[in-house]
Each structure stands twice: as C-alpha cells, then as structure tokens.
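# Structural features, examined
Chain residues, written in single-letter form:
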Amino acid sequence: MRVLAIPGSLRNDSYNAKLLYNSAELFQEDVVLDLWGGLKDVPPYDEDDDGVNAPAAVAELRDVIARADAVLIATPEYNSSIPGQLKNALDWVSRPIATNPMRNKPVAVIGASTSAFGGVWAQAELRKVLASLGARVLEVELAVPHAHERFDERGRLTDGDFVEQLTAVADSIVLAVAERVARLEVTA
Ligand code: FNR
C-alpha cells in the first residue's frame, strides 16, 4: 500500500512536514509513505496551459496521486484558510473534472499551526475543496496547536496524545484503502 504525503507548507522547517515525518513510523509495516516535495514548482493555474501538455510539476503531481492508494495532507493555516500554493495545486489536480486522480481516493487532512486552534479552519476548507474534487475525505481529525512547542530538536512529536491521534489517522487510512479494495473486488 502506498500513501502519498503532501505538506502544504514550502518552509524548510515546516511543522506540517514534521507531522508527516512522524506519521511514517505509525503506519503498519506494509505501508510505504511517499513524501511529495514538489509543491513549490507548481505554477499558477492557467486553463490555457492545461491539457495534455500540462506543466511538468503538474503532470508529476497528477501521476503521484494516481499511483497512490491514499493521500495524507498536512496543511498550515494562512489567514484562516488554505495556503494559496496548496489550493492552486489542487485546482490543477481537479482537471479534467470527471477523471481527476483525486476522484474516489481516500484522503485524510491534518495540520499544525502556531496558534491556539491548530489550523482547524484551513483543514475544514481543505476538506470542502477535496470533496468537490470527488475525493473520499476521511472523517478523521488532527489539529496540533502551538506547533512551535510540540516537537523536539529531532522533529519528534513530544505529546503522546497527538501521537495517539496521528496513529488513529494512519489506521483510518489503511482501513479506508482496504474497504475500497474490497468494494472494487465485489463490483469486478
Ligand atoms: C500564519 N499563521 C496562522 N496560524 C493560524 O493558526 N491561523 C492563521 O490564520 C494563520 N495565518 C498565517 C498567515 C501567514 C501568511 C503566515 C506565514 C502564518 C501561522 C502559521 O500557523 C505558522 O506560520 C505555521 O508554522 C505554518 O506552518 P508550517 O510552515 O510550520 O508548516
């Protein structure tokens, strides 16, 4: 099973990227977590540039999503919403609308922010956007507030409650993929 991990931050020392690193060892052994680092290369959405000759970074993103069994996105919150670059990337992913690679894909949204609320508004808006793409948005949540106090110098989550919640997110992803495979087998 392959899970694609997408950090919504471009920052080197991103707490959201750290959340994804922490999740890697919480998945079952047969799960491969691929961290996608191409967000900064995605150009602004322009319908004139879309189609078979879409920009390379966009083609790559569409491809890695298509090849993943599930997607895990850790998003920061910028001004109570989704960071523009992440939303822009999802606008590219959303086309062509009927066959976009997020359609029916199990997707979990988590996030960390330095505020007291952990970026819950950005996560809610991201779930809404993903649902409009046709993704199967999982009903799991993890909002890490005061992110600057939650990781040690090696980037490990220091709070056991958040590790537990992140483990529950990982388990839900595995379960959702297994259910999807079972459904596909029944209809085949
Ligand atoms: C923020 N931050 C922020 N946090 C929050 O909880 N709600 C918000 O609305 C905002 N708004 C916001 C706007 C902009 C432009 C920046 C740069 C930051 C703080 C944000 O949570 C913090 O920078 C996180 O560390 C960003 O996540 P990464 O980069 O560490 O993953």
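Above: the structure in question.
What comes next concerns the included structure. Please read all numbers here as calculations on a predicted model, not as lab measurements.

Its 28 residues give helix 5 (residues 160-187) an end-to-end C-alpha distance of 41 Å, which sits within 8% of 40 Å, the value for a rise of 1.5 Å per residue. Considered for burial, the residues of helix 5 that qualify are Phe162, Leu166, Val169, Ala170, Ile173, Val174, Ala176 and Val177. Residues of helix 5 that are buried sit in contact with strand 1 (2-7), helix 1 (15-24), strand 3 (70-74), strand 4 (106-112), strand 5 (136-137) and strand 6 (143-144). Where helix 5 begins, the side chain of aspartate 159 points an oxygen toward the backbone nitrogen of aspartate 161, at a separation of 2.8 Å.

On to the pattern of salt bridges, then. Between side chains of opposite charge, pairing is possible as soon as their charged atoms come close. The full count for this structure, using the stated rule, is eight salt bridges. Close ionic contact of arginine 136 with glutamate 179 constitutes a salt bridge, the shortest N to O distance being 3.7 Å. With arginine 136 in strand 5 and glutamate 179 in helix 5, the pair connects residues that are 43 residues apart, well separated along the chain. Judged by its relative accessible area of 31%, arginine 136 falls in the partly exposed class. With relative accessibility at 36%, the residue glutamate 179 sits in the partly exposed group.

Before going further, it helps to examine the site of the ligand. Neighbouring the ligand are 13 residues, the closest being Ser9, Arg11, Ser14, Ser113 and Ser115. Its free accessible area being 620 Å², the ligand has 72% of it covered by the protein chains. Tallied by class, residues from the shell around the ligand come to three nonpolar, eight polar and two charged.

On the secondary structure map, arginine 62 appears in helix 2 (residues 56-67). The residues touching arginine 62, leaving out its near neighbours within four places in the chain, are Asp50, Gly51, Ala54, Trp92, Val93, Arg95 and Pro101.

Quick notes on the rules
- Within each chain, residues carry numbers counting from 1 in the order of the written sequence.
- Thresholds applied to this predicted model are a pLDDT of at least 70 for local features of residues and 80 or more for the giving and counting of side-chain atom pairs; totals over whole chains, interfaces and linings are not thresholded and use all residues.
- In computing side-chain properties, one takes all heavy atoms of the structure into account and sets aside hydrogens as well as water.
- In DSSP terms, a helix is any run of H or I states spanning at least four residues, a strand is any run of E spanning at least two, and both are numbered starting from the N terminus.
- Here the expected length of a helix is defined as 1.5 Å per residue gap, with one fewer gap than residues.
- Summary of the burial criterion: residues with accessible area below 20% of their type's maximum are buried, those above 50% are exposed, and those between are partly exposed, where the area comes from a 1.4 Å probe applied to protein chains only.
- We call two residues in contact whenever any of their non-hydrogen atoms come within 4.5 Å of each other.
- Polar contacts here mean pairs of N or O atoms no more than 3.5 Å apart (in protein, one a potential hydrogen donor and the other a potential acceptor; neighbouring residues in sequence count only if both atoms are side-chain atoms).
- Just to be clear on terms, a salt bridge is a Lys or Arg side-chain nitrogen sitting within 4 Å of an Asp or Glu carboxyl oxygen.
- Consider each residue's heavy atoms; a residue with any of them within 4 Å of a molecule or strand counts as near.
- Only the protein chains shown count as cover for residues, and all accessible areas are computed by the Shrake-Rupley method using a 1.4 Å probe.
- Side-chain classes follow a simple rule in which Ala, Val, Leu, Ile, Met, Phe, Trp, Tyr, Cys and Pro form the nonpolar group, Asp, Glu, Lys and Arg form the charged group, and the remainder, Gly included, forms the polar group.

It is worth stressing that arrangement in space is one thing and function is another; only the former is reported here.
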